[in-house]
Amino acid sequence: MNPAKSTERGSIPVTRITLGGAPVDVLRLDLAHPVMPGNKYYKLKYNLEEARKQGFDTLLSFGGAFSNHIHALAAAGREEGFHTIGVIRGEAHTENPTLTFARSCGMHLLHISREKYAQKHKAEFLADLEKQFGRFYLIPEGGSNALAIKGCSEILFGIGNNYDSIFCPVGTGSTLAGLVATPGLCAKIFGIAVLQDMEIPDRIAALLQEFPAAHRCNYEVSFDYVFGGFARKHPVPAACARKLLADHDLRSDPVYSAKMFAGAEDMLRCGKANRHGRSLAIHTGGLQGIAGWELRYGKWL
Ligand SMILES: *Cc1c(COP(=O)(O)O)cnc(C)c1O
């Protein structure tokens, strides 16, 4: 296998916006790559390297029907010459843009029931998958493992120390853990949780155990901007997203980035974050998920 490395990133664009009355730079991971934008590339990068090192030619992972992770994995597999298998929560009756794209990249999709999906990390279930598909490199749901964190610790390379406060959305927390583990970073990182899972802070702390303490900067995770739960519709992030689009031609997604921007705006406005410092918000991408969200809730922006 001689992989074409078309997944590499050059320098990432930064857009200056105004948020909560303060100037904020936005790191545009949403623009970082034509078919594999966002944070998920960083989560996959060292997993792909490890898979190749171990001689795997097939990657398997799990996700929901609109998953950014499944979308990125399918694209990465195509770009880097791996077969990919996506085990999807829920039955096959819903064809949607995310899965259509994944299939167009050559990903094999296996739909399983929610009950079965809950068992997905059990040895027995994985053995069944191996019987069906042969040997594969397993990437956990959301792409979250130690190699993912190593990849995410590169997001801020070269720019992190231009800022005092850095904002990012938190799902599993591994992107945040990676930012916190950026070598030599002195900024404070504000993670904005997009779902009400109070185990997230412990999970982040556990993930960070693998990194030297000297490499961990100050951070906190806020649950004040969950806005009703994962992927729910809520007027506050929607209004923030509309304003960003109108004022700065900046598109955000309803699941992650709009909540992050709404949270950063509030923290800067009320002084929870230093409005006189230098601030960076990380746009982690996720725009591919808008189409799926709109199938449920109607027009986003
Ligand atoms: C997955 C995802 C996140 C959350 O990343 P975690 O590492 O799970 O916290 C944030 N933004 C976007 C667009 C994502 O797809």
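Further up the page is the structure itself.
These remarks concern the structure in this document. Computed from a prediction, not measured in an experiment: that's the story for all the values here.

Conventions adopted
- Residues numbered from 1 in each chain as written.
- Predicted model: local features only at pLDDT ≥ 70, side-chain atom pairs only at ≥ 80, totals over all residues.
- Heavy atoms only, no water.
- Pairing = 2+ DSSP bridges.
- Helix = DSSP H or I, 4+ residues; strand = E, 2+ residues; numbered from the N terminus.
- Axes fitted to C-alpha atoms, helices over the stretch in contact; angles between N-to-C directions.
- Parallel < 35°, antiparallel > 145°, perpendicular 65-115°, else oblique.
- Left-handed = near helix turned anticlockwise from the far one by under 90°.
- Contact = heavy atoms within 4.5 Å.
- Core = buried A, V, L, I, M, F, W, Y, C linked by side-chain atoms within 4.5 Å.
- Buried < 20%, exposed > 50% of the residue type's maximum accessible area, 1.4 Å probe, protein only.
- Arc of directions from axis to C-beta.
- Polar contact = N/O pair within 3.5 Å; in protein donor to acceptor, adjacent residues only side chain to side chain.
- Near = heavy atom within 4 Å.
- Nonpolar A, V, L, I, M, F, W, Y, C, P; charged D, E, K, R; others polar.
- Phe/Tyr/Trp six-rings, centres within 6.5 Å; stacked < 30°, edge-to-face > 60°.

### Some points on the sheet that holds strand β6 (residues 137-139)
Within a sheet, adjacent strands bond to each other through the backbone by hydrogen bonds, running parallel or antiparallel.
And then number 1: The parallel open sheet is built from 4 strands, whose spatial order is β5-β4-β3-β6. Edge positions in the sheet fall to β5 (108-112) and β6, since each of these pairs with one other strand and no more. Sheet twist, expressed as the average angle between the axes of neighbouring strands with direction ignored, equals 20°.
And then number 2: With 5 bridges joining them, strand β4 (residues 83-89) and β5 adopt parallel strand pairing. Residue pairing across strands places V87 opposite L110, the latter belonging to β5.

### Re the packing of helix α2 (residues 68-80) against helix α3 (residues 97-104)
And then number 1: As a packed pair, α2 and α3 sit with axes 8 Å apart at the nearest point and diverge in direction by 15°. The pairing of α2 with α3 is recorded here as roughly parallel in orientation. In the crossing of α2 with α3, the sense of the turn from one axis to the other is left-handed. Across from I70, H71, A74, A75 and R78 in α2, the residues of α3 making contact are T98, F101, A102 and S104.

### Some points on the nonpolar core
And then number 1: Counting 56 residues, the largest nonpolar core has I155, L156, I166, L176, I189 and I282 as the members making the most contacts within it.
And then number 2: Among the elements that line this core, the one with the most residues is α2, at 6 residues.
And then number 3: Counting 21 residues, the second-largest nonpolar core is a separate cluster that includes A22, F167, Y225 and A262.

### What about the sheet that holds strand β2 (residues 22-28)?
And then number 1: Reading across from one edge, β1-β2-β10-β7-β8-β9 is the order of the 6 strands in this open sheet, with mixed pairing throughout. Looking along the sheet, the strands with just one partner apiece sit at the ends: β1 (14-19) and β9 (219-222). With direction set aside, neighbouring strand axes in the sheet form an average angle of 25°.
And then number 2: Where β1 lies against β2, 6 bridges are found, and the strand directions are antiparallel. Of the residues in β2, the one forming a bridge with I17 is V24.

### Points about α3
And then number 1: When α3 is considered as a whole, its buried residues turn out to be T98, L99, F101 and A102. For α3, the angular spread of buried residues about the axis comes to 160°, placing them on one side.
And then number 2: Against the buried residues of α3 lie α2, β4 and β5.
And then number 3: In this structure N96 caps α3, since a side-chain oxygen of it lies 2.7 Å from the backbone nitrogen of T98.
And then number 4: Backbone geometry just after α3 places G106 at a positive phi near 95°.

### Overview of the site of the ligand
And then number 1: Taken together, 15 residues lie near the ligand, and K40, N68, T172, T175 and T284 sit nearest.
And then number 2: At a separation of 2.7 Å, an oxygen atom of the ligand approaches a polar side-chain atom of K43.
And then number 3: The backbone of G171 places a nitrogen or oxygen atom 2.8 Å from an oxygen atom of the ligand.
And then number 4: Those elements that place two or more of their residues in the shell around the ligand are α1 (40-53), β7 (165-170) and α7 (174-180).
And then number 5: Residue composition of the shell around the ligand, grouped by class: 3 nonpolar, 10 polar and 2 charged.

### So, the packing of aromatic side chains
Aromatic rings in a pair are described by how distant their centres are and how their planes are angled relative to each other.
And then number 1: Summed over the entire model, instances satisfying the criterion amount to 8 aromatic pairs.
And then number 2: Note on F56 and Y137: the rings are 5.7 Å apart at their centroids and 65° apart in plane angle, and the pair reads as edge-to-face. Here Y137 lies in strand β6 and F56 lies in the loop between α1 and β3 (58-63), a separation of 81 residues in the sequence. There is no split in this pair, since F56 and Y137 are both buried.
And then number 3: Seen in terms of ring centroids, W293 and W300 are 5.2 Å apart; in terms of plane orientation they differ by 75°. Their pairing is edge-to-face.
And then number 4: Judged by relative accessible area, which is 5%, W300 ranks as buried.

Scope: geometric values only; no functional claims are made or implied.
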